[in-house]
Amino acid sequence: MKTLGVIATLCGLSAAWMPGVHKDIYSKEGKNLFEKSVSSTRKRYLPGSGKIRGVNLGSLFVFEPWIAETTWSSMGCGNQNSEFDCVNSEGQDTANTNFSDHWGSWIVEEDFANMTSYGLNTIRIPVGYWIREDLVYTDSEHFPQGALSYLEQVCGWASDHGLYIIIDLHGAPGAQVSQNADTGQFADTPGFYVDYQFERALQFLEWMTTNIHSNDNFRNVGMLEIANEPVQDSTQVGDLLSSYYPNAFSRIRAAESALNVTENNELHIEMMNNLWGSGDPTQYLTDNYFAAYDDHRYIKWDSSVAVSQDNYISTSCNDDRGGNTPTIVSEWSLSVPDDVQWNSDWDPSTNQEFYKKWFAAQVMTYEKQDGWVFWTWKSELGDYRWSYQDAVTAGVIPTDLDTVYDLGVC
Ligand SMILES: *[C@@H]1O[C@H](CO)[C@@H](O)[C@H](O)[C@H]1NC(C)=O
Ligand SMILES: *[C@@H]1O[C@H](CO)[C@@H](O)[C@H](O)[C@H]1NC(C)=O
Ligand SMILES: CC(=O)N[C@H]1CO[C@H](CO)[C@@H](O)[C@@H]1O
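Within each chain, residues carry numbers counting from 1 in the order of the written sequence. Whichever chain is written first becomes A and whichever ligand is written first becomes 1, with later ones labelled in order. Local features in this predicted model are restricted to residues of pLDDT 70 or higher, and side-chain atom pairs are both shown and tallied only at a pLDDT of 80 or more, whereas totals for entire chains, interfaces and linings draw on every residue. Calculation of side-chain values draws on the structure's entire complement of heavy atoms; hydrogens and water are dropped beforehand.

Trainee: Kindly report on empty space enclosed by the protein, identifying the contributing residues and their values.
Mentor: Within this scheme a cavity is a closed region of a 1 Å grid, computed over the protein atoms alone, that accommodates a 1.4 Å probe without allowing it to escape, whereas a pocket is open but has protein on both sides within 12 Å along at least five of seven lines; lining residues each have an atom within 4 Å of a point. Grid points are joined across faces, edges and corners, and a volume is the space filled by probe spheres set on the points. Going through the model one piece at a time under the given rule, you end up with one cavity of 30 Å³ or more. Taken as a whole, the largest cavity encloses approximately 50 Å³ of empty space. Forming the boundary of the largest cavity are Gln92, Trp130, Glu133, Val136, Thr138, Glu141, His142, Phe143, Pro144 and Gln145. Each residue belonging to the lining of the largest cavity can be placed in one class, and the counts come to four nonpolar, four polar and two charged. Polar here means any residue other than Ala, Val, Leu, Ile, Met, Phe, Trp, Tyr, Cys and Pro, which are nonpolar, and Asp, Glu, Lys and Arg, which are charged; Gly is therefore polar.

Below, the structure written as structure tokens:
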């Protein structure tokens, strides 16, 4: 097991900001990475466009077994559906050890060097509420313990490399959807939509906000997403919109106010946008200062899109992802429908030219909004359509992202 040298230093308030807004970022050696004289390859966040170009750290703190089955098995979780199930079956102490090994090895500092060398400027980190351990009902809930120091380490590295960070509450108390490991559990029903579960999530948000503003490792965190992918059923989400969202705003702002955070340094607060299908997130907001919105766009699961290469390109070129502003398309991939994905028309090993164009089409469209975050940085699927770094290696994603505008795709 790895020993962490991470010390949570209270170093005053760090600033929150959006890419494109000036902020000096210093390397470990104290160099201002955005000063041209120091580094000619580094620029301040894309001054021309100011767009987010990022990757998700999928399966780091909220493990989705399908992304990395080998690692999941090596953690002793092979037959289990979710983190909750694995911890329940292994027992707390064994699980803590095995999850720590994973947190310390799935993403290492070199990953961030590679991301910046690929022109990326942002990471989105899915986390579960259980990273604040005193919120867990230990008699009935089972989650691995000890992740916070690894989150600090990862954010510290990403900050050293000048990446903008979005922390995303991906696993909400009670589970915001049923039977999906991406909530950290495989719940029979979505149990999140009741007051006491909202209250636990609000306590998570207050705590995370306080950490972000008081711990130097979190200095590049500019955005906190308050609920990933709630149920897509407007009849079930009334209290989410009328209670949880406005309360999240007031509780996060109150936590910042208690730390004397100035207005321009407040976090951006992100919610799924209205295209997601959980209603209009702004409906009950009385204050949307520094609000941001998240769009997830997996065309493979959109049955209204006819499945052909030409249609995928033209759909992506003409895809209007607006709705709420600013919107960041924070989950998307190059994957195509399961029933055709290995056919000759779609096989990734022979259709690189198509995937290159489709990547370009999606990037150009999502950059009409405030940018994008690919799902995901790495996987064990051996399929670059779900792995940014594999797609770079395959020559499908260029290391100079601006070149997607030169391909004449749209
Ligand atoms: C970073 O990229 C280099 C060069 O492609 C590669 O050899 C290395 O394995 C990558 N590091 C990680 C952690 O993936
Ligand atoms: C915030 O400002 C007030 C008034 O200046 C001061 O009393 C308080 O100690 C400050 N709190 C923090 C956490 O800096
Ligand atoms: C599969 C696996 O790696 N299991 C390990 C989990 O952690 C315990 C120690 O707590 C090890 O003994 C197991 O080998």
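This is not the end of the story, as more comes after the structure.
Trainee: Account for helix H5 (residues 147-160), with residues named and values stated.
Mentor: The end-to-end C-alpha separation of H5 is 20 Å, in line with the 20 Å expected for 14 residues at 1.5 Å each. Only protein chains enter the area calculation, which uses a 1.4 Å probe; residues under 20% of their type maximum are buried, those over 50% are exposed, and those in between are partly exposed. Under the scheme used here, helices are H or I runs from DSSP no shorter than 4 residues and strands are E runs no shorter than 2 residues, and both carry numbers assigned from the N terminus. With respect to burial, H5 is a largely interior element, 12 of its 14 residues being buried. Looking only at H5, the buried set comprises Ala147, Tyr150, Leu151, Glu152, Gln153, Val154, Cys155, Gly156, Trp157, Ala158, Ser159 and Asp160. Contacts are assigned to residue pairs with any non-hydrogen atoms lying within 4.5 Å of each other. Those residues of H5 that are buried lie in contact with helix H3 (92-105), helix H4 (109-117), strand S2 (122-128), strand S3 (164-171), helix H6 (195-214) and strand S4 (221-225). Where H5 ends, the next residue or the one after it, Gly162, has phi of about 80°, a positive value. Helices are assigned an expected span. That span is 1.5 Å times one less than the residue count.

Trainee: Outline the confidence of the model for the protein, listing residues and values.
Mentor: Caution is warranted with low-pLDDT regions, since their predicted coordinates should not be read in detail. For the protein, the average pLDDT comes to 89, and 88% of its residues sit at 70 or higher. The quantity called pLDDT is the predictor's confidence in a given residue, expressed from 0 to 100. Every residue in residues 1-15 is under pLDDT 50, and counting partners more than four places away or in other chains gives 37 contacts. Across residues 25-29, where pLDDT falls below 50, the model places 19 contacts with residues more than four positions away in sequence or in other chains.

Trainee: Tell me about H6, residues and numbers included.
Mentor: Its 20 residues give H6 an end-to-end C-alpha distance of 28 Å, which sits within 8% of 28 Å, the value for a rise of 1.5 Å per residue. Within H6, 14 of the 20 residues are buried, which leaves it mostly tucked inside the rest of the structure.

Trainee: Tell me about the pattern of salt bridges, and name the residues and values.
Mentor: Should a side-chain nitrogen of Lys or Arg be within 4 Å of a carboxyl oxygen of Asp or Glu, the pair is scored as a salt bridge. Applying the stated rule across the entire model yields 21 salt bridges. Ionic pairing is found between Glu331 and Arg124, a salt bridge with its closest N-O pair at 3.1 Å. You can see Glu331 sitting in strand S7 (residues 327-331) and its partner Arg124 sitting in strand S2, a full 207 residues away along the chain. Of the residues examined, Glu331 reaches a relative accessible area of 4% and is grouped as buried.

Trainee: Explain the pairing of strand S8 (residues 371-374) residue by residue, including any values.
Mentor: What you see with S8 is no split at all: Gly371 and Val373 on one side and Trp372 and Phe374 on the other are buried throughout. For two strands to be treated as a pair, DSSP must find no fewer than two bridges joining them. Where strand S1 (residues 52-56) meets S8, four bridges bridge the pair, whose relative direction is parallel. Residue Arg53 lies in a different strand from S8, and its bridge partner there is Trp372.

Trainee: Let's hear about the nonpolar core: which residues, and what values?
Mentor: Residue types Ala, Val, Leu, Ile, Met, Phe, Trp, Tyr and Cys, when buried and joined through side-chain atoms within 4.5 Å, form a set referred to as a nonpolar core. By size, the foremost hydrophobic cluster in this structure holds 110 residues, and its most contacted members are Ile167, Tyr244 and Tyr388. A per-element tally of this core places helix H9 (residues 352-366) first, with nine residues. The contact partners of Tyr388, leaving out residues within four places of it in the chain, are Val55, Tyr118, Leu120, Phe359, Trp372, Phe374, Thr376, Trp377, Ile397 and Leu401. In terms of nonpolar packing, the next biggest core, distinct from the first, is built from seven residues, Ile52, Tyr164, Met223 and Val373 among them.

Trainee: Residue-level account of the layout of surface pockets, with values.
Mentor: In this model, the largest pocket occupies a volume close to 520 Å³. In terms of residue class, the lining of the largest pocket is made up of eight nonpolar, seven polar and eight charged.

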